[in-house]
Amino acid sequence: MTKQSYNDALRGYAHPVHQRDDFVCVYCGLDGKASLSNWLHLSEDHLLPRGHSNRDDMEYRVTSCRFCNEAHNRMVFDVEGKSPEELIDQKKPFVLQRRNEYKEFWVEQVQPGKEFEKSGKNQE
Ligand SMILES: [Zn+2]
């Protein structure tokens, strides 16, 4: 038996975090166990900003899908004295609002069948 070690996030350093969180994005609930493509979208989110002394502690790293992770990239939050749960609750409304904005765009611009409906060419 060969023990493999991976230095990427999904199989390596983020895997214990994903296992603890049952492979579910703490913001939107995307389930990495449900499909390979879901799992491939998982990442880990640091709840504390760069330079913070506890940033790399396991409890301040959580499972996040890539979208949710990037959705709050440029936001600055007040983190002092907050528990991991409080930090998640603080970010969540912003992340979910961003998701909704993207969902509206998707429905308008991406969703399959949109052109059929617009042009009235229903081929059934
Ligand atoms: Zn997510």
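What you are looking at is a predicted structure, and each value in this text was computed from that prediction instead of being measured.

Calculation rules
- Residue numbers here run from 1 along each chain, matching the order of that chain's written sequence.
- Side-chain atom pairs in this predicted model are given and counted only at pLDDT of 80 or more, local residue features only at pLDDT of at least 70, and totals for whole chains, interfaces and linings cover all residues.
- A run of H or I in DSSP counts as a helix once it spans at least four residues, and a run of E counts as a strand once it spans at least two, with each numbered from the N terminus.
- Here a residue counts as buried when 20 or more other C-beta atoms fall within 10 Å of its C-beta, as exposed when 12 or fewer do, and as partly exposed in between; the C-beta atoms come from the backbone.
- Two residues qualify as being in contact provided that their C-beta atoms, derived from the backbone, are within 7 Å of each other.
- Linking buried Ala, Val, Leu, Ile, Met, Phe, Trp, Tyr and Cys residues through C-beta atoms within 7 Å yields a set, and such a set is a nonpolar core.
- What a helix is expected to span follows from its residue count: subtract one and scale by 1.5 Å.
- Values of bend correspond, residue by residue, to the angle between axes fitted over the seven residues ending at that residue and the seven starting there.
- Note on pairing: DSSP must find at least two bridges between two strands before they are called paired.

Trainee: Quick rundown of the overall build of the chain? Include the residues and the values.
Mentor: Along the chain, the regular secondary structure elements total six helices and two strands. The N-to-C order of helical and strand elements in the chain reads α-α-α-β-β-α-α-α. Every one of the 124 residues in the chain was classed for burial, and the buried ones make up 17%. Across the chain, every contact between residues at least 6 apart in sequence was considered, and the portion connecting residues at least 24 apart equals 53%.

Trainee: I'd like a description of unusual backbone geometry, backed by residues and values.
Mentor: Despite not being glycine, Asp 22 has its phi angle at roughly 60 degrees, a positive value. Phi is positive for Phe 23, which is not a glycine, with a value near 60 degrees. Among the secondary structure elements, Phe 23 is positioned in the loop between α2 (15–20) and α3 (36–40). Judged by local crowding, Phe 23 falls into the partly exposed class, with 18 C-beta atoms found within 10 Å.

Trainee: Can you break down the environment of Glu 59 residue by residue, with the values?
Mentor: By the element assignment, Glu 59 lies in the loop between β1 (42–46) and β2 (61–65). What makes Glu 59 exposed here is the crowd of 12 C-beta atoms within 10 Å. For the pair Glu 59 and Arg 20, spaced 39 residues apart in the sequence, the C-alpha separation amounts to 9.8 Å.

Trainee: Can you lay out the environment of Val 95 for me, pointing to particular residues and giving the numbers?
Mentor: Checked against the element boundaries, Val 95 lands in helix α5 (residues 84–109). C-beta crowding within 10 Å serves as the criterion here: with 24 such atoms nearby, Val 95 is assigned to the buried category. Put simply, Val 95 and Glu 70 are 25 residues apart on the chain and 8.8 Å apart in space, counted from C-alpha to C-alpha. With residues near it in sequence (within four places) discarded, Val 95 still touches Tyr 27, Cys 68, Ala 71 and His 72.

Trainee: So what about the nonpolar core? Which residues, and what values?
Mentor: Judged by nonpolar contacts, the single largest core of 13 residues is most densely connected at Cys 25, Val 26, Tyr 27, Val 62, Cys 65, Cys 68 and Val 95. Elements represented by at least two residues in this core include exactly β2 and α4 (66–71). When residues no more than four places from it in sequence are discounted, the contact partners of Val 62 are Val 17, Asp 21, Val 26, Glu 44, Asp 45, Leu 47, Pro 84 and Ile 88.

Trainee: Report on α5, specifying residues and quantitative values.
Mentor: Between its terminal C-alpha atoms α5 stretches 36 Å, which fits the 38 Å expected from 26 residues at 1.5 Å a residue. A bend of about 35 degrees at Lys 92 is the largest found in α5, and the proline Pro 93 appears one to four places after it. Within α5, only two of the 26 residues are buried, which leaves the element largely exposed.

Trainee: With reference to specific residues and values, describe the environment of Gly 12.
Mentor: For Gly 12, the position within the fold is in helix α1 (residues 9–13). Every residue in contact with Gly 12, bar those within four places of it in the chain, is listed here: Tyr 6 and Asn 7.

Trainee: Give a description of the pairing of β2 that names residues and reports values.
Mentor: The element β2 is extensively covered by neighbouring structure, given that five of its five residues are classed as buried. The alternating pattern of β2 places Arg 61, Thr 63 and Cys 65 on one face and Val 62 and Ser 64 on the opposite face, and all of these are buried. In terms of strand pairing, β1 meets β2 through five bridges, oriented antiparallel. Bridge pairing in β2 places His 46 opposite Arg 61.

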